[in-house]
Amino acid sequence: MLTLCDAALAAPVPLARHAVFRRSGVLTAFEGGIATIAGLPVPVGAVCSIETGPDAATPAEVIGFRGDAVVATVLGAADRLTPGSRVTSSGSAGKVAVGDAFLGRAVDALGRPIDGGPPPRAESLRPLLGEAGGALRRMSVTEPFDCGVRAINALATMGVGQRLGIVAGSGVGKSTLMDMMAGGASCDAVVVALIGERAREVADFVNRHMRGGARRRIAMIAVPADEAAGLRLRGARFATALAEHLRAQGASVLLIMDSLTRVAHAARQVGLALGEPPAARGYPPQAMAAITSLVERAGRCASSGGSITGLYTVLADGDDQDDPVVDTARAILDGQIVLSRALAQRGQFPAIDVCASLSRVASQVTDPHHQAAAARFRRLASDAAAAHELLLLGAYRQGADAAYDEALRLRAQFDAFVSQGVGERFTLAQSRMALETVLAD
């Protein structure tokens with residue numbers, strides 16, 4: 001009998017051909033969206049699965065360590081987490097699966113489809129936080145970018161590889177302008193990241209843009225406002241990684257992120273939960289660093305010839321232009337389009353404040369004649385606003401100043417030039433011709 005037992009123990013145990021053994025840990029604490037895991041030595045950026053039932057699990061992303069324990073931000077529902085839950089590592093640390101199959105699809109921050117279709121087929125893995133590279137690897141902005149919006153093409157001309165911000169308060173028309181540029185921009189692919197927005201807006205965007213032949217150039221990553229803060233932050237990084245994958249193939253990509261402020265709010269929530277001290281108006285330093293690192297990943301690539309033209313909406317809470325997020329974005333972006341609530345209330349859409357909006361690369365992508373025409377339009381628009389205010393106060397009479405009289409005469413044409421219907425599209429050449437026509441009158 002003992003001989004049979006020895007022979008059985010010495011015999012090799014057959015294993016499944018594709019068997020995978022994973023180390024597991026234990027959930028020891030959870031507070032403020034942050035989970036503490038013991039016994040699972042995995043690197044920062046790894047995605048873990050916290051078991052919440054026989055066939056259910058909640059994902060979490062490792063963001064740091066406390067002693068020998070791993071600290072992770074929970075990326076899903078936390079209502080079924082229990083102390084002692086088993087935690088396993090899954091996926092490649094710090095990398096996400098991307099591919100051309102994401103074009104024409106709507107997915108969440110983990111790459112899972114939300115449009116009812118099958119999971120997109122990933123072609124490669126890319127770093128979630130981007131690849132570190134020198135500043136000289138980025139090419140200068142030298143070519144104009146046709147965004148399809150007449151006022152921006154003519155007065156704040158964008159460049160291929162530029163990072164532009166749309167700054168406005170709530171309900172002034174940021175999403176409408178974003179829609180116009182997503183459908184009218186001249187580029188190879190559009191990556192749209194809806195971060196922290198209403199779920200209804202996500203459904204509306206899918207219904208407007210993800211139909212017909214135009215959908216094949218648009219990829220959407222959506223993380224609504226009711227999702228976890230870590231998931232919102234990961235969604236913004238995932239969208240940027242997908243845009244980087246397309247740029248590496250030589251494509252001209254328009255990356256639209258709505259909004260950069262919601263990304264900062266998510267980073268603030270995660271940072272405060274980790275115990276970081278609040279600095280500017282409750283934002284820890286890591287929150288500002290998160291949006292800076294996101295914006296810096298856009299631009300032109302010297303090796304592939306591709307580009308990422310970044311368009312970031314910035315919500316000015318309470319129409320405060322000195323908000324920390326607005327101030328940080330203004331410092332790092334290559335220009336901003338400012339939307340005015342007063343113009344929106346007058347019924348002008350898009351409600352672009354021409355005098356406050358500018359593109360820092362316009363002088364590099366336009367000729368001197370175009371620059372002179374745009375400068376003259378701005379000057380006349382500013383004079384028209386000032387003269388109209390004086391007229392309402394009774395402090396000015398027509399004929400007292402020739403420049404004011406000319407500006408007042410063209411004021412209605414200026415408003416018509418800036419206004420544009422949602423379904424309309426104007427090329428760079430059409431925008432410049434319309435600008436010259438207005439000034440010739």
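Before any of the text, the structure's been laid out above.
Residues numbered from 1 in each chain as written. Predicted model: local features only at pLDDT ≥ 70, side-chain atom pairs only at ≥ 80, totals over all residues. Heavy atoms only, no water.

Details of the overall build of the chain
So, point 1. When helices and strands are counted, the chain shows 13 helices and 20 strands.
So, point 2. Principal-axis analysis of the C-alpha atoms gives the chain an extent of 120 × 40 × 40 Å.
So, point 3. The buried share of the chain, reckoned over its 441 residues, is 50%.
So, point 4. Carbon and sulfur atoms make up 54% of the accessible area of the chain, which amounts to about 20200 Å² in all.
So, point 5. For the chain, the separation between the mean place of its 44 positive charges and that of its 43 negative charges on side chains is 4 Å. (Helix = DSSP H or I, 4+ residues; strand = E, 2+ residues; numbered from the N terminus. Buried < 20%, exposed > 50% of the residue type's maximum accessible area, 1.4 Å probe, protein only. Areas by Shrake-Rupley, 256 points an atom, 1.4 Å probe, with all protein chains shown as cover. Lys, Arg positive; Asp, Glu negative; His and termini not counted. Charge placed at Lys NZ, Arg CZ, Asp CG, Glu CD.)

Structural notes on the environment of Ser-24
So, point 1. Here Ser-24 is to be found in strand β1 (residues 24-31).
So, point 2. Through-space distance from the C-alpha of Ser-24 to that of Pro-41 is 9.0 Å; in sequence the pair is 17 residues apart.
So, point 3. If we ignore the near neighbours within four places in the chain, the residues touching Ser-24 are Gly-39, Leu-40, Arg-86, Val-87 and Thr-88. (Contact = heavy atoms within 4.5 Å.)

Things to note about empty space enclosed by the protein
So, point 1. Scanning the model with the defined rule gives one cavity of 30 Å³ or more in all.
So, point 2. In this model, the largest cavity occupies a volume close to 50 Å³.
So, point 3. Around the largest cavity, the lining residues are Ala-151, Ile-152, Leu-155, Ala-156, Ile-337, Ile-352, Val-354, Ser-357 and Arg-378.
So, point 4. Tallying contributions element by element places helix α2 (residues 150-155) first for the lining of the largest cavity, with three residues.
So, point 5. Among the residues making up the lining of the largest cavity, the classes are represented as seven nonpolar, one polar and one charged. (1 Å grid on protein atoms, 1.4 Å probe; cavity = no way out; pocket = protein on both sides within 12 Å on 5 of 7 lines; lining within 4 Å. Points joined across faces, edges and corners; volume = space filled by probe spheres on them. Nonpolar A, V, L, I, M, F, W, Y, C, P; charged D, E, K, R; others polar.)

Overview of the packing of helix α5 (residues 229-248) against helix α6 (residues 260-273)
So, point 1. Running from N to C, α5 and α6 point in directions that differ by 135 degrees, and their axes come no closer than 8 Å. Considering the angle they form, α5 stands oblique to α6. Seen along the crossing, α5 lies across α6 with a hand that is left-handed. Together, Ala-229, Gly-230, Arg-232, Leu-233 and Ala-236 of α5 and Arg-262, Val-263, Ala-266, Ala-267, Gln-269 and Val-270 of α6 make up the contact between the two elements. (Axes fitted to C-alpha atoms, helices over the stretch in contact; angles between N-to-C directions. Parallel < 35°, antiparallel > 145°, perpendicular 65-115°, else oblique. Left-handed = near helix turned anticlockwise from the far one by under 90°.)

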